[in-house]
Every structure is written in structure tokens, then in C-alpha cells.
Amino acid sequence: MRQRTGRVYFIGAGPGDPQLLTLKGKRVLESADVIVYADSLVNSAICAFAREGAEIHGSASLSLREVSLIMVTAAREGKIVVRLHSGDSSVFGATLEQMAVLESEGIGYEVIPGVSSIFAAAAALKAELTIPDVSQTVIISRLEGRTPVPEKQRLSALAAHDATLVLYLSVGMIDQVVAELLAGGCSLDTAVAVVHRASWEDEKVIIGTLADIADKVRRAAVDKQALILVGKALDPELRCANGHKSKLYDEGFSHGRRKAKQ
Ligand SMILES: C[S@@+](CC[C@H](N)C(=O)[O-])C[C@H]1O[C@@H](n2cnc3c(N)ncnc32)[C@H](O)[C@@H]1O
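Description of the structure in this document. Since this is a predicted model, take the numbers as computed values, not measurements.

Reading the values: the criteria
- Residues numbered from 1 in each chain as written.
- Predicted model: local features only at pLDDT ≥ 70, side-chain atom pairs only at ≥ 80, totals over all residues.
- Helix = DSSP H or I, 4+ residues; strand = E, 2+ residues; numbered from the N terminus.
- Buried ≥ 20, exposed ≤ 12 C-beta atoms within 10 Å, placed from the backbone.
- Contact = placed C-beta atoms within 7 Å.
- Near = placed C-beta within 6 Å.
- Nonpolar A, V, L, I, M, F, W, Y, C, P; charged D, E, K, R; others polar.
- Axes fitted to C-alpha atoms, helices over the stretch in contact; angles between N-to-C directions.
- Parallel < 35°, antiparallel > 145°, perpendicular 65-115°, else oblique.
- Left-handed = near helix turned anticlockwise from the far one by under 90°.
- Pairing = 2+ DSSP bridges.
- Core = buried A, V, L, I, M, F, W, Y, C linked by C-beta atoms within 7 Å.
- Domains from an automatic or database assignment.

In this section: the overall build of the protein. Regarding its fold elements, the protein presents seven helices and ten strands. If one aligns the C-alpha atoms of the protein with their principal axes, the spans along those axes are about 60 × 50 × 35 Å. Burial statistics for the protein: of 262 residues in total, 36% are counted as buried. Pairs at least 24 residues apart make up 71% of the contacts formed inside the protein by residues separated by at least 6 positions.

Structure below.
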């Protein structure tokens, strides 16, 4: 029997490859009556999981008011509503404002996590973002565009941490990214990788340094749907090196599940 008030599920659709949708996300999607999906980034192939007769809306051309109206109206009719966001909805997903509307309208909602593009990009690069002695910190950020970034979080300030930096929504301003990182103290030979459409069939990987990445990105004609990953952890030579090992698998290191070998 259908509930009297429906429910809204924010689901992370993953970075592009439909196989990267979680099993839980797929199960809820299959049961949805109404689906609103971010059609600028979410692979439309994921809509193939929708049941026959489900109502499907692309959100790229809709305003917050229009998206909210679809979700609230359907939930009030007792329907299951899925709001599909690219990657994981908590990262640059503009979900807070939608949740605020649902809260004020008294509509129940849940969040089902997804695979953010950061992880698809790391997989494409076969990179570990946290390497002992190299980087134990990952900073997710963006260059300021039309959306402001708080002063203390400017790229030039973040550069000082020497951490692994992952920049969303910034590849169209690659020259400014490079300039801010250099101003923040990064050297020209800092490793940089750009991954365009990670996990899609036409995925592109561009490897370079702060000295040449802007030219390489321009030559590859990549100006959107890409992540910029910066820092020593992205240095391709690390994979061949022998120096960076974890304690976890070190034979001389004891932990709760294993005694160190003498
Ligand atoms: C509005 S944000 C959404 C991010 C998303 N919530 C996530 O977790 O990946 C859009 C930005 O995410 C990045 N992005 C999304 N999907 C991508 C992919 N498959 N490959 C590379 N970057 C991607 C790009 O920087 C793009 O401009």
C-alpha cells in the first residue's frame, strides 16, 4: 500500500559510468515514481533503471523553485521521488537549498551517497591520494568563479599546505589556477593531472606540471567536466619508487590483527 506522504531520495548517481551507481541507489531508483536528474552531468543511461511509466525530468534548465515544485507536489501525492545528482550529492551539489525547501514543507527525505568524480579520477590515474610521508591530507576546493570562495580558502592559501589538492569546476580557468598556486608557493615542477569525464567512455587524462599543464589542457580542448589534481601524490614516478610504504603492511609493524616479524 502506498504511503500517504511520499519521500524524496537524493541519490549520488556517480561520475558517469552507470555501473558506478550504488546497489542501494539503483534499488530506490527502480521504485521511483518521479525522477529529477541533473542532465548536464548525470549519464542519461542511468534512467534505464527507472520503471516503465516513471516521470523523468532533466533539471539543467529548471530553477530551484521549479525543481522544488515537482518534488513537493509529487511527495504530497504519496509518490517516491528521486533527485539524482552527479557524483556524490554532498560535493558541489547545491542540495542544501533543496533540503531547506523540503524541511519547510514537512516532506521527509533521505540521502544515498554516490561515487564522487574525485574517486573516478583517482582510479583513472591509478593514484593514491594519501601517501605516507608525501601527503596525508586531501583538500577539495575550487577556484573562485561566479560563486565566491571565502577569503581564507583562496587557492594561494591552500597551496601552503603541500597537500593533495582536488579542484572541481575550475578547468575553464586553468591559467588562473596555475597563477594562484604559483603565487601560493608551489614550484613549477609540481605534479598536476587533469581528468576529463572520468569513467565515461571518452575519458581523457592529461599529465603534467604547473609549468606545462595549461598548454596541455588547451591543446586537448578541455574546458569543462574535468578535475584538476595537484601535488606530490600525483607524481607518476612515485609508482616506480621504492620509498613510500605504509605502516599497515610493514612486516616490522604490529597492530591489532598482526604481530611484527622479528
Ligand atoms: C556541480 S559539480 C558536481 C560534482 C559532483 N557532485 C561530484 O561529486 O563529482 C560539477 C563538477 O564536478 C566535476 N566532475 C563531475 N563529473 C566529472 C567527471 N566524470 N570527470 C571529471 N570531473 C567531473 C567537474 O569539475 C565539474 O565541473
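Attention shifts here to the site of the ligand. Taken together, 25 residues lie around the ligand, and G87, F92, S116, S117 and A198 are the ones closest in. Elements with a minimum of two residues in the shell around the ligand: α4 (117–125) and β10 (226–230). For the shell around the ligand, the element with the most residues is α4, which contributes three residues. Across the shell around the ligand, the residue classes break down as 13 nonpolar, nine polar and three charged.

Bringing the packing of helix α2 (residues 64–76) against helix α3 (residues 96–105) into the picture now. Two elements in contact, α2 and α3, have axes whose closest approach is 10 Å; the angle formed by their N-to-C orientations is 45°. As far as their axial angle goes, α3 and α2 are oblique. The two elements α2 and α3 cross, and the hand of that crossing is right-handed. Taking contact as the criterion, the partners of L64, V67, S68, M71 and V72 in α2 are, on α3, E97, Q98, V101, L102 and E105.

Of all five residues that make up β10, five are buried, and the element is covered over most of its length. Across the two faces of β10 the burial is the same, with A226, I228 and V230 and L227 and L229 all buried. Bridging between strand β7 (residues 164–168) and β10 involves three bridges; their strand directions are antiparallel. Paired with L167 across the two strands is I228, which belongs to β10. Alignment of strand β8 (residues 191–196) against β10, held across five bridges, turns out to be antiparallel. Within β10, the position partnered with V195 by the bridge is L227.

On to the sheet that holds strand β3 (residues 55–58). Ordered in space as β3-β2-β4-β1-β5, the five strands form an open sheet in which the pairing is parallel. Each end of this open sheet is capped by a strand with a single partner; those strands are β3 and β5 (108–112). With direction set aside, neighbouring strand axes in the sheet form an average angle of 15°. Alignment of strand β1 (residues 7–12) against strand β4 (residues 80–85), held across six bridges, turns out to be parallel. Its bridge partner lying in β4, Y9 is registered against V82. Helix-sheet contacts for helix α1 (residues 23–31) involve β1, β4 and β5, and the interaxial angle to β1 is about 140°.

Our focus in this paragraph is the nonpolar core. Ranked by size, the top nonpolar core spans 65 residues in total, and within it V81, A121, V194, V195, L227, I228 and L234 carry the most contacts. Residues lining this core come from more than one domain, with at least three contributed by each of domain 1 (7–112) and domain 2 (117–239). Not counting the four nearest positions on each side in its chain, L234 is found in contact with L125, A127, A191, V192, A193 and L229.

Once that is clear, we can look at unusual backbone geometry. Positive phi values are uncommon outside glycine, yet K126 reaches one of about 50°. Of note, K126 is situated in the loop between α4 and β6 (138–142). Residue D162 is not a glycine yet carries a positive backbone phi of 60°. Of note, D162 is situated in the loop between α5 (155–158) and β7.

A few words on the pairing of β1. Counting buried residues along β1, five of its six residues qualify, which places the element largely inside the surrounding structure. Sheet topology places β1 next to β5; five bridges connect them, and they run parallel. Looking at β5, one finds that Y9 is bridged to E110.

Functional significance is not addressed by these values, which are geometric in nature.
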